[in-house]
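Structural features, examined
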Amino acid sequence: MKFASVTVSWGLPDETVKALRSLAAMTVPPDLIICVDNGSSAEDVSHLRANMPEGTVLIEVGENLGFDAANNLGMEYALSHNADWILLLNNDATVQRDCLSRCLAEALATPDVAIVGPAVTFTDQPDLLWFGGGKVSDWFAYPRHRGLRQPAALPPPSSDVGYVAGCCALLSAEALRSVGLFRGDFFLVYGDAEWCQRARAAGWRCRYLGEVLCQHAVSASAGQRGSLGLTANSAYYEGRNPLRFALETPQTLRRLTRVTGILVVYGAFNAWRVIQSRQRSVAAAYVQGLADAFRGRMGKRPTLRSRATLALAESSW
């Protein structure tokens, strides 16, 4: 059995090195440690190359393709080198030494597992959970973390879940070949939830392991380390991607309930996050994301916002 890991780097070379070294230090390390650099500066890439574990495969993209497309590049490389299981790890996260072995044991003990991920804590608040399994409503499509900010000493027990966070997740190569890779046009946000829903619809299981095996410096790449708030960039994708997924649902009734769930229930949660930001640019970006979902405009967030979108967001502030 052959194992690979994929970590996407975009800036933060010191954090990325920590992530890669934690992978290499596991009791069962990956046979292939793959780092996909998403257009970092030449200085950051040089620092990364000089300090990453020996044997790490560095794939330099030269531009920011987004989290999902960059992970796809790494997974394609791993699959082409006959990996049976691929561990995804954020570049602002680190794993415990037995992370891979415990996740693999959980996957092998349960039939038809496509993906398994452990409980994850905040790096700067290791006594608090960030992720304890993901819930996603089949009818209303909105995601949420179980156990968020609950004591890490009592994580939710292992179980099948609606989705596993891509921050730290072990994926089956067989499932990837069957279901396909992440949606690269999502760019950022909701790609893990969408993939898990696709896998579950195809008969695969998504499994959560109720053991704390990973620490995540949440939102470090956005310059808001440890925060659950929104930036203009994250607000755009939070507005667009879940709604786009809902709009693409083939069945009419389920499409209606999912759009309602995203706009009303998930929208209320994100509205609270927007208000917490106290920035009009965040509100404008969220509205722009919703509008682009209806238009079917995917990929990287446009750099220019329409005056109409800005006016709508600011008038409702």
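The structure presented is a predicted model; accordingly, all values stated were derived computationally and were not measured. (Residues numbered from 1 in each chain as written. Predicted model: local features only at pLDDT ≥ 70, side-chain atom pairs only at ≥ 80, totals over all residues. Heavy atoms only, no water.)

1. Re the environment of serine 40
The condition that has to hold: Numbering goes from the N terminus for both helices and strands, where a helix is a DSSP run of H or I of at least four residues and a strand is a run of E of at least two. The contact criterion used is simple: two residues touch if any of their non-hydrogen atoms lie within 4.5 Å. Counting of polar contacts relies on pairs of N or O atoms within 3.5 Å, with two restrictions inside protein: one atom must be capable of donating a hydrogen and the other of accepting it, and residues adjacent in sequence are counted only when both atoms are side-chain atoms.
Along the chain, serine 40 falls in the loop between strand E2 (32–37) and helix H2 (42–51). In this structure, the C-alpha to C-alpha distance between serine 40 and tryptophan 10, residues 30 residues apart in sequence, is 5.4 Å. Setting aside its immediate chain neighbours within four residues, serine 40 contacts Ser9, Trp10, Gly11 and Val45. Here the side chain of serine 40 touches glycine 11 through a polar contact of 2.9 Å, landing on its backbone nitrogen. In terms of polar contacts, serine 40 uses its side chain to reach the side chain of aspartate 37, at 2.7 Å.

2. Points about the nonpolar core
Nonpolar side chains in soluble globular proteins generally cluster together in the buried interior. Basically, it comes down to this: The term nonpolar core refers to a set of buried residues drawn from Ala, Val, Leu, Ile, Met, Phe, Trp, Tyr and Cys, joined through side-chain atoms within 4.5 Å. Only protein chains enter the accessibility calculation, which uses a 1.4 Å probe; a residue is then buried when its area is under 20% of its type maximum, exposed when over 50%, and partly exposed in between.
Ile34, Ile86, Leu171 and Trp195 are the most contacted members of the largest nonpolar core, which has 98 residues in total. If sequence neighbours within four positions are ignored, isoleucine 86 has contacts with Ala4, Val6, Met75, Ala78, Leu79, Ala169, Leu170, Leu171 and Leu176.

3. Here we look at unusual backbone geometry
For asparagine 82, which is not a glycine, the phi torsion comes out positive at approximately 65°. A relative accessible area of 56% means that asparagine 82 is categorised as exposed.

4. Some words on the environment of cysteine 103
Looking at the secondary structure, you find cysteine 103 in helix H4 (residues 99–108). Take cysteine 103: its relative accessible area is 0%, and that puts it in the buried class. Separated by 162 residues in sequence, cysteine 103 and valine 265 have C-alpha atoms that sit 32 Å apart. With residues up to four places along the chain from it excluded, the contact list for cysteine 103 reads Val116, Pro118, Leu170, Leu209 and Leu213.

5. A look at the pattern of salt bridges
For side chains bearing opposite charge, pairing can occur when the charged atoms are close. Cut-off, in case you're wondering: The rule for a salt bridge is simple: a side-chain nitrogen of Lys or Arg has to be within 4 Å of a carboxyl oxygen of Asp or Glu.
Within this structure, the stated rule accounts for 13 salt bridges. Residue arginine 183 is joined to aspartate 185 by a salt bridge in which the shortest nitrogen-to-oxygen separation is 2.8 Å. One salt bridge connects arginine 297 with aspartate 292, and the closest N-O pair in it is separated by 3.2 Å. Judged by its relative accessible area of 41%, arginine 297 is partly exposed. Overlapping salt bridges, with partners in common, bring together Glu106, Asp160, Arg205 and Arg207 in one network.

6. Here we look at a nonpolar patch on the surface
What counts is decided by this rule: Excluding any residue in a salt bridge, patches collect residues exceeding 30% relative accessible area, merging like charges within 9 Å and nonpolar Val, Leu, Ile, Met, Phe, Trp and Tyr side chains within 5 Å. Working definition of accessibility: Shrake-Rupley area with a 1.4 Å probe, residue cover restricted to the visible protein chains.
On the surface, a cluster of nonpolar side chains totalling about 410 Å² of accessible area is made up of Trp139, Phe140, Leu253 and Leu256. On the basis of relative accessible area, tryptophan 139 is assigned to the partly exposed category, the value being 38%.

7. Regarding the packing of aromatic side chains
This is how it is decided: Any pair of Phe, Tyr and Trp rings, taking the six-membered ring for Trp, is counted once the centres come within 6.5 Å. Such a pair is stacked with planes under 30 degrees apart, edge-to-face with planes over 60 apart, and tilted for the rest. Whether a charge sits over a ring depends on NZ of Lys or CZ of Arg being within 6 Å of the ring centre and within 35 degrees of the ring normal.
Overall, the coordinates contain 10 aromatic pairs when judged by the stated rule. Geometrically, the ring pair formed by phenylalanine 131 and tyrosine 163 is tilted, given 6.3 Å between the ring centres and 55° between the ring planes. You can see phenylalanine 131 sitting in strand E7 (residues 129–131) and its partner tyrosine 163 sitting in the loop between strand E10 (159–160) and strand E11 (168–172), a full 32 residues away along the chain. Here phenylalanine 131 and tyrosine 163 have matching classes, each one buried. Over the aromatic face of phenylalanine 122 sits the side chain of arginine 149, whose NZ or CZ is 4.7 Å from the ring centroid.

8. Overview of the packing of helix H1 (residues 13–24) against H2
Note the cut-off: In this description, a line fitted to the C-alpha atoms serves as the axis of each element, helices being fitted only across the stretch in contact, and the angle between N-to-C directions of two axes falls anywhere from 0 to 180 degrees. To sort the angles, those under 35 degrees are grouped as roughly parallel, those over 145 as roughly antiparallel, those from 65 to 115 as roughly perpendicular, and the leftovers as oblique. Here a crossing is called left-handed whenever its near helix is offset anticlockwise from the far helix by less than a right angle, and right-handed whenever the offset is clockwise. Three residue categories are used. Nonpolar comprises Ala, Val, Leu, Ile, Met, Phe, Trp, Tyr, Cys and Pro, charged comprises Asp, Glu, Lys and Arg, and polar comprises the others, including Gly.
Following both chains from N to C, one finds H1 and H2 inclined at 25°, their axes separated by 9 Å at the closest point. Overall, the two elements H1 and H2 adopt an arrangement that is roughly parallel. For the pair H1 and H2, the sense of crossing is right-handed. The residues of H2 that touch H1, namely those facing Pro13, Asp14, Thr16, Val17, Leu20 and Arg21, are Asp44, His47, Leu48 and Asn51. Broken down by class, the residue content of the contact of H1 with H2 amounts to four nonpolar, three polar and three charged.

9. Considering H4
As a reminder of what qualifies: The directions from the helix axis to the C-beta atoms form the arc being described.
Residues of H4 that are buried: Cys99, Leu100, Cys103, Leu104, Glu106 and Ala107. Projected down its long axis, H4 shows its buried positions confined to an angular sector of 160°, all on one face. At its buried positions, H4 is contacted by strand E1 (3–9), strand E4 (85–89), strand E5 (93–95), strand E6 (113–122), E11 and strand E12 (205–216).

10. Regarding the confidence of the model for the protein chain
Going by this rule: pLDDT: the predictor's confidence for each residue, scored from 0 to 100.
Across the protein chain, pLDDT averages 92, with 92% of residues at or above 70. Segment residues 305–317: pLDDT under 50, and 19 contacts once partners within four positions in sequence are set aside and those in other chains are kept.

11. Describing the pairing of strand E3 (residues 57–60)
To be explicit about the condition: Criterion used throughout: strands pair if DSSP finds at least two bridges between them. Assignment of crossover handedness uses the view with strands pointing away from the viewer, where a clockwise path from the first strand over the helix to the second indicates a right-handed crossover.
For E2 and E3, the ladder comprises four bridges, and the chain directions are parallel. Looking across to E3, one finds that cysteine 35 is bridged to leucine 58. Taken together, E2, H2 and E3 form a β-α-β motif whose crossover is right-handed.

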